[in-house]
There are 4 protein chains.
Amino acid sequence: MNITLADAEKIITAAKKKAKAIDTKMNIAVVDAGANLLAFARMDGAWLGSLDISIKKAKTARFFDMNTGAIGELSQPGGSLYNIENSNNGLITFPGGVPLKNSAGDVVGAIGVSGSAVENDHAVAEAGAKAL
Amino acid sequence: MNITLADAEKIITAAKKKAKAIDTKMNIAVVDAGANLLAFARMDGAWLGSLDISIKKAKTARFFDMNTGAIGELSQPGGSLYNIENSNNGLITFPGGVPLKNSAGDVVGAIGVSGSAVENDHAVAEAGAKAL
Amino acid sequence: MNITLADAEKIITAAKKKAKAIDTKMNIAVVDAGANLLAFARMDGAWLGSLDISIKKAKTARFFDMNTGAIGELSQPGGSLYNIENSNNGLITFPGGVPLKNSAGDVVGAIGVSGSAVENDHAVAEAGAKAL
Amino acid sequence: MNITLADAEKIITAAKKKAKAIDTKMNIAVVDAGANLLAFARMDGAWLGSLDISIKKAKTARFFDMNTGAIGELSQPGGSLYNIENSNNGLITFPGGVPLKNSAGDVVGAIGVSGSAVENDHAVAEAGAKAL
């Protein structure tokens, strides 16, 4: 019910490949089932500020077992989860965080990607998640 | 003018029963009159990110002696308490936090619940509060 | 490879019983395999400042899979782990934190106890751990 | 005057190899010239609490361009840098952090390793540093 470092390395390799394919430079973080960092890579030239964001996206996706963007839709002004970002030492609720599931469908961790437009961040996270 | 651990355990038991009745998995926190954690339980499979949120909801409800959702109505953009969530190391102002009152009507603590839609969170918090 | 809330409640019940038997008032925290809080109870009249300490003891014991007091022996001035307490948002390295093991010997969480002399804290933590 | 992700991956591969050779399970962090995390890997079964420590060791080594253990000798009670660990959001000043130098002798980053006795942590960090 947890992922291994070998899994995480495979995920990061797939994410880096996708990032290069769409000509972006990403920070890529993988957390385990306990939402603790398992592996991380910052591509050369990627935004420094995205380092923390990628880790927070991965944690956020595992904290609630859903894509980070789905939470962001509910945390807008007037939304049911307004300002949920103030919890857990800071959540990131825009796209780029995706839960990782094993073949049985259990959430065993999450990937968080940051460094470009959020659509690209999400696409790279998805590519990483599919490698599991 | 304060609640006991036995009270808190009764409250958590009632909240867990309600959570199961509506098929949800909740984090349940009870704070005392000083807004300090008194008892906590995370049901199996409940969201990890709701741990911190449930505690923050309980604290928020006791900090202001009102339901958390009532504060959230005032903290929206343009509202009189805009971004009050940035105080006190992070408030949570959507539903799920409810003050606990003794038979004389004094606030003696609060319960915070997180793990589902905010309506469910509030219903479980109410069920817990009624057990006092 | 993880403990359930029912396990944690059994552990806290046993710890409370031991605390009463030796006439102490304790804060008792149980974390899971991911070092995240699973259950907590503060006995009536227990020190408020021990709330945070009990949680940090539980986390510390799981972070390093050993009794907290064993770390404290190495973190003294001149010791090999001097000032390790500044990591992980604050460790507590005196006695009172004990790992929880399943029947296969795997660490599946930890208990942290604070509220009296550290010998008493450790004795109560041990009593809790044995209930698993 | 900075290291690349490819460098960091080579360093982590060498550190993992050494960790396995001496039968340990390590957290391995590499920071760049700006002391910002570049790559990270937590070996399966490694201590969770060493995650933060490995990153802090790497940052500490780059903050002062020396082995972390050398700082720890000066930070003891009565020493010239007593309690320097309280700066920079928490330093770790026992062995396991080593600066990374390019062929010209410039410090271009640092490696931090945590997960065993500090002598082992340092040996693994050295093995990683030599791979640059």
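As the structure is a computational prediction, the values presented were derived from the model and not from experiment.

Peer 1: So what about the interface of chain C and chain B? Which residues, and what values?
Peer 2: Tallying the contact residues gives 16 residues for chain C and 16 residues for chain B. Summing the contributions of chain C and of chain B, the shared interface buries around 1,400 Å²; its carbon and sulfur component is 50%. The interface formed by chain C and chain B includes four salt bridges. Residue Lys16(C) is joined to Glu9(B) by a salt bridge in which the shortest nitrogen-to-oxygen separation is 2.5 Å. Seen at the junction of chain C and chain B, the total is 13 residue pairs in polar contact (both at pLDDT 80 or more). Of all the secondary-structure elements, those providing two or more residues to the side of chain C that touches chain B are α1 (5–21) and β2 (37–42) of chain C.

Peer 1: Break down the pairing of strand β3 (residues 97–101) of chain A for me, with residues and values.
Peer 2: Residues and elements named next belong to chain A. With four of its five residues buried, β3 lies for the most part within the structure. The pairing of β3 with strand β4 (residues 107–114) spans five bridges and is antiparallel. Looking at the pairing, Leu100 lines up with Gly109 of β4. Connecting β3 to the antiparallel partner β4 that follows it, the hairpin turn spans five residues, and Gly105 within it adopts a positive phi of roughly 90°.

Peer 1: How would you sum up the relation of the copies chain C and chain B? Please name residues and give values.
Peer 2: Between the two copies of this chain, the relationship is a rotation about some axis together with a displacement along it. At an RMSD of 0.1 Å, chain C and chain B line up after a rotation of 179° and a shift of 0.2 Å along the axis. When the rotation and shift are considered jointly, the pair of chain copies conforms to a two-fold rotation axis. Minimal C-alpha distance to the rotation axis in chain C is attained by Phe40(C), lying at 2.4 Å. Both copies contact each other with a shared surface, as 100% of the interface residues of chain C are interface residues in chain B too.

Peer 1: Can you lay out the packing of aromatic side chains for me, pointing to particular residues and giving the numbers?
Peer 2: The tally for this structure, following the rule as stated, stands at six aromatic pairs over all chains. Judged by centre distance (6.4 Å) and plane angle (80°), the ring pair of Phe63(A) and Phe64(A) falls under edge-to-face. Phe64(A) carries the same exposure label as Phe63(A), and that label is buried. Pairwise contacts between aromatic rings join Phe63(A), Phe64(A) and Trp47(B) into one cluster.

Peer 1: Any details on the sheet that holds β3(A)? Residues and values, ideally.
Peer 2: Taken in spatial order, the eight strands make up an open sheet running β3(A)-β4(A)-β1(A)-β2(A)-β2(D)-β1(D)-β4(D)-β3(D), and their pairing is antiparallel. The open sheet has two edge strands, β3 of chain A together with β3 (97–101) of chain D, and neither has a second partner. Adjacent strand axes in the sheet meet at a mean angle of 20° when their direction is disregarded. When strand β2 (residues 37–42) of chain A meets strand β2 (residues 37–42) of chain D, the two strands line up antiparallel, connected through three bridges. Counterpart to Ala39(A) in the pairing with β2(D) is Ala41(D). Seen against the sheet, helix α4 (residues 118–130) of chain A touches β3 and β4 of chain A and runs at an angle of roughly 145° to β4(A). Relative to the sheet, helix α2 (residues 49–64) of chain D contacts β2 of chain A together with β1 (27–32), β2, β3 and β4 (107–114) of chain D, its axis offset from that of β4(D) by approximately 150°.

Peer 1: I'd love a proper account of the side chain of Thr93(C), names of residues and values included.
Peer 2: Residues and elements named next belong to chain C. Mapping Thr93 onto the fold places it in the loop between α3 (68–74) and β3 (97–101). There is a polar contact of 2.6 Å between the side chain of Thr93 and the side chain of Glu85. Beyond its immediate chain neighbours, meaning those up to four positions away, Thr93 contacts Thr68, Gly69, Ile71, Gly72, Ser75, Ile84 and Glu85.

Peer 1: Go over the relation of the copies chain A and chain B with me, naming the residues and quoting the values.
Peer 2: The transform that puts chain A on chain B rotates by 91° and translates by 0.1 Å along the axis, for an RMSD of 0.1 Å. Expressed as an axis order, the relation between the two copies is that of a four-fold axis. Minimal C-alpha separation from the rotation axis in chain A is found for Pro77(A), amounting to 4.5 Å.

Peer 1: Could you give an account of the interface of chain A and chain B, with specific residues and numbers?
Peer 2: With 18 residues of chain A at the interface, the matching set in chain B holds 20 residues. Interface area for chain A against chain B, summed over the two sides, is near 1,400 Å², with a carbon-plus-sulfur share of 60%. The largest share of the area that chain A buries against chain B comes from Phe64(A), Tyr82(A) and Asn86(A), three residues that together contribute 37% of it. Our count for the chain A to chain B interface comes out at zero salt bridges. Summed over the shared surface of chain A and chain B, the number is eight residue pairs in polar contact (both at pLDDT 80 or more). Broken down by class, the residue content of the side of chain A that touches chain B amounts to nine nonpolar, seven polar and two charged.

Peer 1: An account of the pairing of strand β2 (residues 37–42) of chain B is requested, with residue identities and associated values reported.
Peer 2: Residues and elements named next belong to chain B. Burial analysis of β2 places six of its six residues in the buried class, which makes it a mostly covered element. Bridge analysis of strand β1 (residues 27–32) against β2 gives five bridges, and the strand direction is antiparallel. Of the residues in β2, the one forming a bridge with Ile28 is Ala41. Hairpin remark: β1 followed by β2, antiparallel, with four residues in the connecting loop; positive phi at Ala35, about 65°.

Conventions and cut-offs
- Residues numbered from 1 in each chain as written.
- Chains lettered and ligands numbered in written order.
- Predicted model: local features only at pLDDT ≥ 70, side-chain atom pairs only at ≥ 80, totals over all residues.
- Heavy atoms only, no water.
- Contact = heavy atoms within 4.5 Å.
- Buried area = accessible area lost by both parts, 1.4 Å probe.
- Salt bridge = Lys/Arg side-chain N within 4 Å of Asp/Glu carboxyl O.
- Polar contact = N/O pair within 3.5 Å; in protein donor to acceptor, adjacent residues only side chain to side chain.
- Helix = DSSP H or I, 4+ residues; strand = E, 2+ residues; numbered from the N terminus.
- Buried < 20%, exposed > 50% of the residue type's maximum accessible area, 1.4 Å probe, protein only.
- Pairing = 2+ DSSP bridges.
- Least-squares fit on C-alpha atoms with pLDDT ≥ 70 in both.
- Phe/Tyr/Trp six-rings, centres within 6.5 Å; stacked < 30°, edge-to-face > 60°.
- Axes fitted to C-alpha atoms, helices over the stretch in contact; angles between N-to-C directions.
- Nonpolar A, V, L, I, M, F, W, Y, C, P; charged D, E, K, R; others polar.

By themselves these figures say nothing about function.
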